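# Report on the structure
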Amino acid sequence: MFAIDYYQQAESVAQAVALLAAEPGARLVAGGTDVLIRLREGRGDYARLVDINGLEELRGIGLADDGTLRIGALSTFRQVMASDDVRRLVPVVAEAVGTAGGPQLRNVATVGGNICNGAVSADSVGALLVHDAQLEIQGPEGRRRTPLQGFHTGPGRVALARDEVLVALHIRPRDYRGFGAAYYKYAMREAMDIATIGCTAAVRLEGEAIGELRLVFTVAAPTPVRCAHAEAAAAGRPLTAETLDAVAAAVAADVQPRTSWRARQDFRLHIIRTLAARVTRRAAERAGGKF
Amino acid sequence: MRKTVSCTINGRAYTLSVDVRQSLLDMLRELGLTSVKEGCGVGECGACTVLVNGRAIDSCIYLAVWAHGKTIRTAEGEAADGRMSAVQQAYVDAGAVQCGFCTPGLIMTSTAFVERHRGRKVSRQEIRRAHAGNLCRCTGYETIIRAVEKCLGRQAEMPSDDGD
Ligand SMILES: Cc1cc2nc3c(=O)[nH]c(=O)nc-3n(C[C@H](O)[C@H](O)[C@H](O)COP(=O)(O)OP(=O)(O)OC[C@H]3O[C@@H](n4cnc5c(N)ncnc54)[C@H](O)[C@@H]3O)c2cc1C
Ligand code: FES
Ligand code: FES
């Protein structure tokens, strides 16, 4: 038995918001693959649950008239991987969630849970950040939109009030058109492992040069980071080994790797530099570039 | 707190009064479906794998109340009229069962995989990836992969595209 003290099934997002507002200490459970693990660990702060698992209004992946891709927060990793729109427009999102856990996990774990748990190792977050995903959030005052960029405020923390529900993620055409992108999860095993370092790059070419690089590292700082220095080192530069070297050199200023049982700080920095070049190259090649 | 859960388990309709704190694993074992094993209890080993609406899930980290309105399959339901399913028979034929603790969970993962890939060309790497959520301490997996290959009807040609 899970040590659940309070449990309500929400029948709508509005009701979930109301239940959260009325019950101090309550939090949402979506796929439960984090929450139920915390309960197994004996964490009392996960004992009061508002269940949104059955809310169809939070599922579904589709395109708006202006070409904006909408991914419902309760979409499972498997549904994201299977979506034709995701595979066609933002394939790196499918690639990224495909590295999480094993098949059983991907059948249940949701994208919304992966973002809202604030984990620095979340596999979806880099792909969503390079495509500058916008969050649609519902609270007592109605719906608001906010960029995913800046949503993570610290390890395990996000800028979400305790009575708010993430409804969907939106990716605008200007953030996917013309980009090639890639994710590399550096982990100790090929499956069923958490990233030691995660690197996501998206590249838009301009003629023979890199028009724009968007580079994100996870598990390289207290929150997922967009790498402004590395991105600047690539902008307008040709598709050469020197450009990749410049990206690898600049990225050290963007990250703050730490020592943990998974890897020491200097080793992490080595992986970060190597991946910055390798994944940028792969993204540029996927955009149609040749080195 | 209890909730009423109506679901189909191994082809039979059930209406159950379920404690909201129960996992699906607890619920199924209480019904006597003890093929569903608790290995780790935290989604790592796959010994508790069952199919929910045809998809493999870890029943140890799945609330029993989520079974409402769904179709559940466990290894018990795969044998019919005293005859094993094609996947179960393939495991026996390939010698893919040693201590057996992982076997019911693996059978369900393989069943979902085989049903979805029948008639398609599948690499050994794909089979391995599709079974990455099930740990086996005994077999070394090779016989398990052979069993799945046999079910997919391509035991004869075995390209070693993952280098072994
Ligand atoms: C065996 C195992 C392996 C794993 N491997 C990986 C891996 O490789 N990579 C990876 O990234 N993760 C991994 N995870 C972690 C986890 O599966 C993911 O983070 C998953 O995406 C969480 O989604 P969920 O729906 O299950 O979340 P839940 O457990 O339901 O919720 C997680 C948190 O998010 C909040 N939340 C959920 N949905 C919403 C919403 N719509 N609005 C607001 N708040 C919300 C909840 O209140 C809770 O605090 C693994 C977990 C397990 C058990
Ligand atoms: S017992 Fe469920 S995954 Fe190990
Ligand atoms: S046969 Fe013993 S764990 Fe797989």
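Residues numbered from 1 in each chain as written. Chains lettered and ligands numbered in written order. Predicted model: local features only at pLDDT ≥ 70, side-chain atom pairs only at ≥ 80, totals over all residues. Heavy atoms only, no water.

Moving on: the packing of aromatic side chains. All names here are of chain A. Under the defined criterion, the tally for this structure stands at 2 aromatic pairs over all chains. With a centroid separation of 6.2 Å and an interplanar angle of 75°, the aromatic rings of Tyr186 and Phe267 are classed as edge-to-face. In this pair, Tyr186 is assigned in strand E11 (residues 179-186) and Phe267 in helix H11 (residues 265-286), connecting sequence segments 81 residues apart. Judged by relative accessible area, Phe267 falls into the partly exposed class, the value being 35%. Directly above the aromatic system of Tyr46 lies the positively charged group of Arg27, at a separation of 3.8 Å from the ring centroid. Of note, Arg278 hangs over the ring of Tyr184, and the distance from its end group to the ring centre comes to 5.9 Å. (Phe/Tyr/Trp six-rings, centres within 6.5 Å; stacked < 30°, edge-to-face > 60°. Helix = DSSP H or I, 4+ residues; strand = E, 2+ residues; numbered from the N terminus. Buried < 20%, exposed > 50% of the residue type's maximum accessible area, 1.4 Å probe, protein only. Lys NZ or Arg CZ within 6 Å of the ring centre and 35° of its normal.)

This part takes up the interface of chain A and chain B. Taken together, the contacts link 28 residues of chain A with 32 residues of chain B. Between chain A and chain B, the buried area comes to about 2400 Å², and carbon and sulfur atoms account for 59% of it. Contact with chain B buries surface across chain A, with Met1, Tyr7 and Gln104 of chain A losing the most and accounting together for 27% of the total. For the interface between chain A and chain B, the tally reads 0 salt bridges. Across the chain A-chain B interface, the total number found is 10 residue pairs in polar contact (both at pLDDT 80 or more). (Contact = heavy atoms within 4.5 Å. Buried area = accessible area lost by both parts, 1.4 Å probe. Salt bridge = Lys/Arg side-chain N within 4 Å of Asp/Glu carboxyl O. Polar contact = N/O pair within 3.5 Å; in protein donor to acceptor, adjacent residues only side chain to side chain.)

The next point concerns the pattern of salt bridges. All names here are of chain A. Applying the stated criterion to the full structure yields 27 salt bridges over all chains. Its salt-bridge partner being Arg143, residue Glu136 comes within 2.6 Å of it at the nearest N-O pair. Ionic contacts of the salt-bridge type, sharing partners, join the residues Asp132, Arg172, Asp175, Arg204, Glu206, Glu212 and Arg214 into one network.

Moving on, we come to the sheet that holds strand E12 (residues 197-206) of chain A. Either a parallel or an antiparallel arrangement is found when strands of a sheet pair, and the pairing is made through backbone hydrogen bonds. All names here are of chain A. Taken together, 4 strands build an open sheet; the order of strands is E11-E12-E13-E14 and the sheet is antiparallel. The two strands at the open ends of the sheet, each matched to only one other strand, are E11 and strand E14 (225-226). Bridge count for strand E13 (residues 209-218) against E14 is 2 bridges, and the pairing is antiparallel. Pairing of Val216 across the sheet is with Arg226, part of E14. Its contacts with the sheet place H11 against E11, E12 and E13, and it is angled at close to 150° to E11. (Pairing = 2+ DSSP bridges. Axes fitted to C-alpha atoms, helices over the stretch in contact; angles between N-to-C directions.)

A word on the domain arrangement of chain B. When the parts of a complex come together, some accessible area is lost, and that lost area is often used as the size of the interface. All names here are of chain B. Taken domain by domain, chain B consists of domain 1 (2-77) and domain 2 (86-151). Each side of the interface is counted separately: domain 1 has 17 residues, and domain 2 has 13 residues. For the pairing of domain 1 and domain 2, the buried interface totals around 1200 Å² over both sides, and the portion due to carbon and sulfur atoms is 56%. Its largest share of buried area at the contact with domain 2, domain 1 owes to Thr49, Arg73 and Ala75, together 31% of the area lost on that side. Where domain 1 touches domain 2, the interface holds 1 salt bridge. Along the contact surface separating domain 1 from domain 2 lie 7 residue pairs in polar contact (both at pLDDT 80 or more). (Domains from an automatic or database assignment.)

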